[in-house]
Amino acid sequence: MSIGSLASLMSLAGSALDSTQKALNVTAQNVANQNTAGYTRRVVAFQDSVSVSAVNVSVTQQRDPIVEQRLANQTQVAQAASSKLSALNDLQNVFPVNSSGSTALGSALDGLWTSFASLEANPSDTATRQAVLSAAGSFASAMNSAASQLDQQISGINTQIGGIATNINSLSKTIAGLNQQILEGRDTDGSISEQRQQAITQLSNYLGVSVTPNTDNAAVTVTASNGAVLVGGASSYAFDTSSTSGLTGGQIGGMVAVRDGALATARTALDQFATSVANAVNTQNAAGVDANGSGGGPIFSSPSSATGFAANIKVVMTSPSGIAAAASGEGSGGSGNASALAALKDAKNTNGETGGDFLAAMLSEIGAQASAASTDNTAQNATLTQIQSQRDAVSGVSLDEEAANLTMYQRAYQANARIFAVADKLMAEAINLGQDTTVS
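Residues numbered from 1 in each chain as written. Predicted model: local features only at pLDDT ≥ 70, side-chain atom pairs only at ≥ 80, totals over all residues. Heavy atoms only, no water.

As annotated in an unreviewed UniProt entry, the protein chain carries the name Flagellar hook-associated protein 1 and is attributed to Terriglobus albidus. Annotation of the protein chain in UniProt includes, under Sequence similarities (unreviewed entry), the sentence "Belongs to the flagella basal body rod proteins family." (UniProt positions renumbered as here; feature names shortened; annotations may be inferred.)

Pasting the structure below:
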C-alpha cells in the first residue's frame, strides 16, 4: 500500500471519528432534553463514499410542521376553555347558595315580601313598620354587594389582561428577533426555527393568534385574533389592551368571552331586577295612605336609568310612618295597601315572570353556562393531550432509542479508532523501511 493510500485511510478514519463524535454529542443532547418542553429530537444521518477520504454527518430535527401548528391552535382553544371556566366559577361565587338552598339575593327578596305580609297582619304596629324598612335595607344592601362583586370581577379581568400583555409583548419581541436571525441565514441547524415555534406556542397560551409565512418563506407574521399585528418580519408591535373586544383563544380569549358575555348579561339583569323591584314597591306605596293620613312616598331611591342602578339602590324612606299600609279610602290603620305590597311577590313582568322567577332564571343560566364550560374544558384539554402525544411520537425523545444509538455510535467510534491506529502503524512501518532512526 502506498504512502498516499495510507494517508487517505488515516484521513478517512479521522473524519469518521469526528463524525461519530458529533453523533454521540447529538445523542447526549437528546437525552439531556428529554423533559424539555417543546424540544425537538435531533436525528443524525451519515453520508460516505468510497471515492472520497471523508465521512460527512448531517443533523436534522424530527418534526412535523402540520402537527406543531395543530398543537399551537389547540393550545389556544384549550387555554380559552380553562380561562372561561375559571371566570364562570368566579361568577357563580357571587351568588353562593346557603344551607336553605337560597342565595343572599333570594333571601333578601323573600324577606322583603315577608315583611309586607307581616305589615298586612299588623298595619299599625311601629315595630312591624320598622321591620319593613329593615328588610328593604337588607334587599338594597344585597343588591349593592352583588353589583360590586360583578364590577370587581370585570375590573379584575381587565387587570389580568394588562398583566398578560407584558408577556405577550415580550414573546412578540422574541419572535421578531428570531425572525431576524433566520433572515440573516443563521438558522443552519433549525434550532432557531425551533425556538420560534416554542415562542409561538407559548404565545398561544395567552392569546389566539394566526401565523403566516412571509413571501421570503423565512420570517413569519403573527396576528392576534382581532386582526392586530403583533409581529411582522423583524418588527414587533405592542399589544393594545384598550381594544380587546372580539378577541378569542388563549387565556385572554376565555376571559373576554365571559366579561363581555355572561358577566355583562348578569350585570344588566341585576340592574333590571333592582329597577323592577324598586319601581313596583314605590308605585304601590304611593297608591296607599301612610300612618299620617298622607299618600305614601318612595321607599327605595328612584332610578333615572336602569344602568348601574343595582350598585346604587338604597332606602330613602327614613320614618316607618311613611309606609302606606292602608288603601285609599281606608283609615290610616287599614291594611289594604299592605296586602297589595305583599302581593307584589306574585306579580309578573311582561315576560310572565315574578321577581323570584326572574332571579332564579338568571342564576340558572349562569349555572348552565358554567356546566357547559366545564364539559368543554374537559374535552378541549383531552384533545390537547392527544395532539401533544402525536407531536411527541414524532419529535419526542425515546430513551430506549437513544440508548441503542449511543451503543451503536460508541462501537462505531471504537472501530474508527482501531482503523486509525492500524493505518498509523502501517504508515510508521512504511516510513521506517531503510531508515536507521525509526518512527514509532
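Student: Honestly, the overall build of the protein chain in this entry has me stumped. Any pointers?
Tutor: Helix and strand counts for the protein chain stand at 10 helices and eight strands. In summary, the protein chain has a C-alpha radius of gyration of 38 Å against a globular reference of 22 Å for 440 residues, an excess of more than 25%. If one aligns the C-alpha atoms of the protein chain with their principal axes, the spans along those axes are about 145 × 40 × 35 Å. For the protein chain, buried positions account for 40% of its 440 residues. Within the protein chain, residue pairs in contact and separated by at least 24 positions form 68% of the contacts whose partners lie at least 6 positions apart. (Helix = DSSP H or I, 4+ residues; strand = E, 2+ residues; numbered from the N terminus. Rg over C-alpha atoms; globule rule 2.2 N^0.38 Å. Buried < 20%, exposed > 50% of the residue type's maximum accessible area, 1.4 Å probe, protein only. Contact = heavy atoms within 4.5 Å.)

Student: Can you walk me through the environment of T40 in this structure?
Tutor: In this structure, T40 sits in the loop between α1 (3-32) and β1 (42-48). The class for T40 is buried, based on a relative accessible area of 0%. Separated by 193 residues in sequence, T40 and G233 have C-alpha atoms that sit 24 Å apart.

Student: Help me understand the domain arrangement of the protein chain in this model?
Tutor: It is common to give the size of an interface as the accessible area that goes away when the parts come together. Here the protein chain is described as being made up of domain 1 (3-62 + 396-434) and domain 2 (70-168 + 252-364). A separation of 78 Å is found between the C-alpha centroids of domain 1 and domain 2. (Domains from an automatic or database assignment.)

Student: I would appreciate a short explanation of the pattern of salt bridges in the present structure.
Tutor: Any two side chains of opposite charge can pair, on the condition that their charged atoms come close. Enumeration over the complete set of coordinates arrives at five salt bridges. Across the salt bridge formed by R391 and E68, the nearest N and O atoms sit 3.8 Å from each other. One end of the pair, R391, is in helix α9 (residues 355-395); the other, E68, is in helix α2 (residues 65-92), with 323 residues separating them in the sequence. Classification of E68 as buried rests on a relative accessible area of 7%. Note that D271 is salt-bridged to R267, the shortest N-O span being 2.7 Å. Remark: R267 and D271 occur in helix α6 (residues 250-286); sequence separation between them is four residues, near one turn of the helix. With relative accessibility at 6%, the residue D271 sits in the buried group. (Salt bridge = Lys/Arg side-chain N within 4 Å of Asp/Glu carboxyl O.)

Student: Is there a simple way to explain the side chain of T275 in this structure?
Tutor: Within the secondary structure, T275 sits in helix α6. Among all residues touching T275, those that are not within four sequence positions of it are P303, A306 and F309.

Student: I tried to follow the nonpolar core on my own but got confused; where do I start?
Tutor: Grouped burial of nonpolar side chains is what soluble globular proteins tend to show. Ranked by size, the top nonpolar core spans 75 residues in total, and within it F95, I252, L270 and F300 carry the most contacts. One finds A23, V44, V57 and Y409 within the second-largest nonpolar core, a separate group that totals six residues. (Core = buried A, V, L, I, M, F, W, Y, C linked by side-chain atoms within 4.5 Å.)

Student: Help me out: how do you make sense of the UniProt feature "domain: Flagellar hook-associated protein FlgK helical" (unreviewed entry) in the protein chain in this one?
Tutor: Residues annotated by UniProt as "domain: Flagellar hook-associated protein FlgK helical" (unreviewed entry) correspond here to residues 99-243. The span residues 99-243 carries 63% helix and 11% strand; its end-to-end C-alpha distance comes to 42 Å.

Student: Looking at this structure, how should I read the sheet that holds strand β4 (residues 220-224)?
Tutor: Sheet strands pair by backbone hydrogen bonding; their relative direction is either parallel or antiparallel. Pairing in this open sheet of four strands is antiparallel, and the strands run β3-β4-β5-β6 from one edge to the other. This sheet does not close on itself; its edge strands, each paired only once, are β3 (209-213) and β6 (235-236). Relative to β4, β3 runs antiparallel, the two being bridged by five bridges. By the bridge assignment for β4, S210 is matched with T223. (Pairing = 2+ DSSP bridges.)

Student: Where do I start with the UniProt feature "domain: Flagellar basal body rod protein N-terminal" (unreviewed entry) in the protein chain in this structure?
Tutor: In the numbering adopted here, UniProt assigns the feature "domain: Flagellar basal body rod protein N-terminal" (unreviewed entry) to residues 13-40. Structurally, residues 13-40 comprises 71% helix and 0% strand, and the distance from its first C-alpha atom to its last is 30 Å.

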